[in-house]
Amino acid sequence: MMLVITVHVNAPAGQAIGIKEQIAQDLERYGDTRVVSVEVVQPSYRQMQIGETVSQQGGKRK
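Since the model is a prediction, treat every value here as computed from it, not as a measurement. (Residues numbered from 1 in each chain as written. Predicted model: local features only at pLDDT ≥ 70, side-chain atom pairs only at ≥ 80, totals over all residues. Heavy atoms only, no water.)

## Re the overall build of the protein
Thought 1: Per the secondary structure count, the protein includes 1 helix and 0 strands.
Thought 2: Looking at the 62 residues of the protein, the share that counts as buried comes to 5%.
Thought 3: Entry remark: accessible area of the protein is about 6,500 Å², with carbon and sulfur atoms responsible for 51%. (Helix = DSSP H or I, 4+ residues; strand = E, 2+ residues; numbered from the N terminus. Buried < 20%, exposed > 50% of the residue type's maximum accessible area, 1.4 Å probe, protein only. Areas by Shrake-Rupley, 256 points an atom, 1.4 Å probe, with all protein chains shown as cover.)

Structure (structure tokens):
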């Protein structure tokens, strides 16, 4: 049996390698561990315009 675990960590991008190594090291006590991928996702910011509102249904901007 193989477990696939997805972890989201809110940390600076420069710490990605250290975080990956620590998580893999912690999981090795339970069996063979292999890191498949590490992805850095930059937050996307959107500036609201004056008069713009967010509706209650689905959060779509009008």
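## Here we look at the pattern of salt bridges
Thought 1: Taken as a whole and judged by the stated rule, the model has 1 salt bridge.
Thought 2: Between Lys-20 and Glu-21 there is a salt bridge, with the nearest N and O atoms lying 2.5 Å from each other.
Thought 3: Owing to a relative accessible area of 44%, Glu-21 belongs among the partly exposed residues under this scheme. (Salt bridge = Lys/Arg side-chain N within 4 Å of Asp/Glu carboxyl O.)

## Overview of the layout of surface pockets
Thought 1: Estimated volume of the largest pocket: approximately 1,400 Å³.
Thought 2: Surrounding the largest pocket, 32 residues form its lining, Ile-5, Thr-6, Val-7, Val-35 and Ser-37 being those nearest its centre.
Thought 3: When its residues are assigned to classes, the lining of the largest pocket shows 21 nonpolar, 7 polar and 4 charged. (1 Å grid on protein atoms, 1.4 Å probe; cavity = no way out; pocket = protein on both sides within 12 Å on 5 of 7 lines; lining within 4 Å. Points joined across faces, edges and corners; volume = space filled by probe spheres on them. Nonpolar A, V, L, I, M, F, W, Y, C, P; charged D, E, K, R; others polar.)

Function cannot be read off these values alone, since they describe shape.
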